[in-house]
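One letter stands for each residue in the lines below.
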Amino acid sequence: MIRAAILTATAACLLAVPACSGDDAAGPPATSTPSDRGTGTSEPAPADRGGGQCPVGEYEVTKIAGKAGADVNGVPIVATSGGGLELALTEAGTWTLTGDGASVTLKAANISVTGTVDGSAEGSYAKAGNDYVFKQEKASGKVTLDQPVVGVSSIPMADVGPALAPGGTATLTCSEGGLRIASESVTLDLTRTGGPTGGAPTTPTGSGGGASGGTLTIADSAQTRTIDCAGRAVAINGSSNTLTFTGSCATVTVNGSKNEVTLEQVTEIGVNGSLNIITWSGGDPKVSDNGTGNKITQG
């Protein structure tokens, strides 16, 4: 009975990380790389099985099955159920998990606690062979517990995010109107609610890319990406990005600020933001600078 009491107190302490550690600063969520995972026995389904638009899009999380979850001091915190969370996967290889009043149940050792998610977690994902690799990079907001645990009523999303969002190597299975992400941290069943169409996200080396035509919108900030333009127009709405576009781009419009953009081939460049550095190497583009402090040169 004494051992059970100790385990219960330990789990409660883990759920209330700030109260037990005395440190309010959350460290980066732990993720793993493909080399950390053992060889699987099943063959993953291709991610474009759902008609060529999957996995890019906006989804509602209909089911959560926790695995490794959020590893806190060697003890996992997993999500056993939840509803109302939304996951967006972009063609640029970024993801955002948002909970605006979503409900979730968390479990550590022999303690389960329900809470309300008011916050978000963000990160990147990229193709790696037949699988994908997900990495959480930042989070904001918190999960408010329905009942306080050892005097703590909420947990930062930076701590609990890995229990809710995909992490590490993941197998993606697309179906008509849905997607399953089976990652090392959690398995999510998703129902498509909308969002942009397109193929798989680009890889960090830029070897990926969608079909020619259409517009690629970059809404994220503080990202470093290499993307195959594949004849598309590009709209950069985020700021403080370092973006390299290979192949041929149509019109490239920069609405954000403090971006560093390198273009291999481009037809037209339009800059509406400020303090951007735009360099192109091929073509004779029409250049329009409507912002301030921008540097647009051929390199």
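Residues numbered from 1 in each chain as written. Predicted model: local features only at pLDDT ≥ 70, side-chain atom pairs only at ≥ 80, totals over all residues. Heavy atoms only, no water.

Undergrad: Just to check I follow, could you spell out the overall build of the protein chain for this structure?
TA: When its secondary structure is counted, the protein chain shows 3 helices and 19 strands. Out of the 299 residues in the protein chain, the part that is buried amounts to 42%. Considering only contacts within the protein chain whose residues lie at least 6 apart along the sequence, 43% involve residues at least 24 apart. Of the roughly 13700 Å² of accessible surface on the protein chain, 49% is carried by carbon and sulfur atoms. (Helix = DSSP H or I, 4+ residues; strand = E, 2+ residues; numbered from the N terminus. Buried < 20%, exposed > 50% of the residue type's maximum accessible area, 1.4 Å probe, protein only. Contact = heavy atoms within 4.5 Å. Areas by Shrake-Rupley, 256 points an atom, 1.4 Å probe, with all protein chains shown as cover.)

Undergrad: Explain the side chain of arginine 225 here, please?
TA: Within the secondary structure, arginine 225 sits in strand E13 (residues 224-228). One buried charged side chain, arginine 225, makes no salt bridge at all; its nearest oppositely charged neighbour is glutamate 137, positioned 4.8 Å away. Separated by 3.2 Å, the side chain of arginine 225 and the backbone oxygen of alanine 92 make a polar contact. Residue contacts for arginine 225: discarding those within four places in its chain leaves Ala92, Gly93, Thr94, Ser124, Thr242, Leu243 and Thr244. (Lys, Arg positive; Asp, Glu negative; His and termini not counted. Salt bridge = Lys/Arg side-chain N within 4 Å of Asp/Glu carboxyl O. Polar contact = N/O pair within 3.5 Å; in protein donor to acceptor, adjacent residues only side chain to side chain.)

Undergrad: Just checking my understanding: could you explain unusual backbone geometry for this structure?
TA: A negative phi angle is the norm for most residues apart from glycine, just as the trans form is the norm for most peptide bonds. Even without being glycine, lysine 258 reaches a positive phi, approximately 60°. Assignment of secondary structure puts lysine 258 in the loop between strand E15 (242-254) and strand E16 (260-271). Lysine 258 gets classed as exposed once you look at its relative accessible area, which sits at 52%.

Undergrad: Would you take a moment to explain the confidence of the model for the protein chain for this structure?
TA: Low pLDDT marks stretches whose predicted atomic positions should not be read closely. Looking at the protein chain, the pLDDT average stands at 74 and 72% of residues meet or exceed 70. Considering only residues more than four positions removed or in separate chains, one finds that residues 14-52, a stretch of pLDDT under 50, has 61 contacts. When the criterion is pLDDT under 50, residues 196-212 qualifies, and its contacts beyond four places in sequence or with other chains add up to 52 contacts. (pLDDT = per-residue confidence, 0-100.)

Undergrad: Any chance you could explain the packing of aromatic side chains here in plain terms?
TA: Aromatic ring pairs are described here by two measures, namely the spacing of the ring centres and the angle between the planes. Evaluated as defined, the whole model comprises 2 aromatic pairs. Ring plane angle 20° and centroid distance 5.3 Å describe the contact between tyrosine 125 and phenylalanine 134, whose orientation is recorded as stacked. An identical accessibility class is assigned to tyrosine 125 and phenylalanine 134; each is buried. (Phe/Tyr/Trp six-rings, centres within 6.5 Å; stacked < 30°, edge-to-face > 60°.)

Undergrad: Sorry if this is basic, but what is going on with the environment of isoleucine 155 here?
TA: Here isoleucine 155 shows up in strand E8 (residues 152-156). Once the C-alpha coordinates of isoleucine 155 and valine 143 are considered, the two residues, 12 residues apart in sequence, prove to be 5.2 Å apart.

Undergrad: Just checking my understanding: could you explain the pairing of E16 for this structure?
TA: On any regular strand, side chains alternate: one points to one face of the sheet, the next to the other face. Bridging between E15 and E16 involves 10 bridges; their strand directions are parallel. Each residue of the ladder has a partner; that of leucine 243, found in E16, is valine 261. One ladder, built from 5 bridges, connects E16 with strand E17 (residues 277-282); its direction is parallel. The partner of threonine 262 across the bridge, within E17, is threonine 279. (Pairing = 2+ DSSP bridges.)

Undergrad: Help me understand the state of the cysteines, please; the structure alone is not making it clear to me.
TA: Each disulfide consists of one covalent bond between the sulfur atoms belonging to two cysteines. Within the structure shown, the criterion is met by 1 disulfide. At a sulfur-sulfur separation of 1.8 Å, the disulfide partner of cysteine 229 is cysteine 249. One disulfide, between cysteine 229 and cysteine 249, carries an S-S torsion of 100° and so falls in the right-handed class. Taken together, the residues cysteine 229 in the loop between E13 and strand E14 (233-236) and cysteine 249 in strand E15 connect sequence positions 20 residues apart. (Disulfide = S-S within 2.5 Å.)

Undergrad: What exactly am I supposed to notice about the pattern of salt bridges here?
TA: Between side chains of opposite charge, a pair can form as their charged atoms come close. In this structure the tally under the stated criterion is 3 salt bridges. Salt-bridge contacts for arginine 232 lead to glutamate 91; the nearest nitrogen and oxygen are separated by 2.6 Å. Taken as a pair, arginine 232 in the loop between E13 and E14 and glutamate 91 in the loop between strand E4 (86-89) and strand E5 (94-108) lie far apart in primary sequence, 141 residues in all. Arginine 232 sits in the buried class, given a relative accessible area of 3%.

Undergrad: I keep staring at a negative patch on the surface and nothing clicks. Help me out?
TA: A cluster of acidic residues, Glu58, Glu60, Glu86, Asp100 and Asp118, forms a negative patch at the surface. Mapping glutamate 58 onto the fold places it in strand E1 (residues 57-66). (Patch = residues over 30% accessible without salt bridge, like charges linked within 9 Å, V, L, I, M, F, W, Y side chains within 5 Å. Charge placed at Lys NZ, Arg CZ, Asp CG, Glu CD.)

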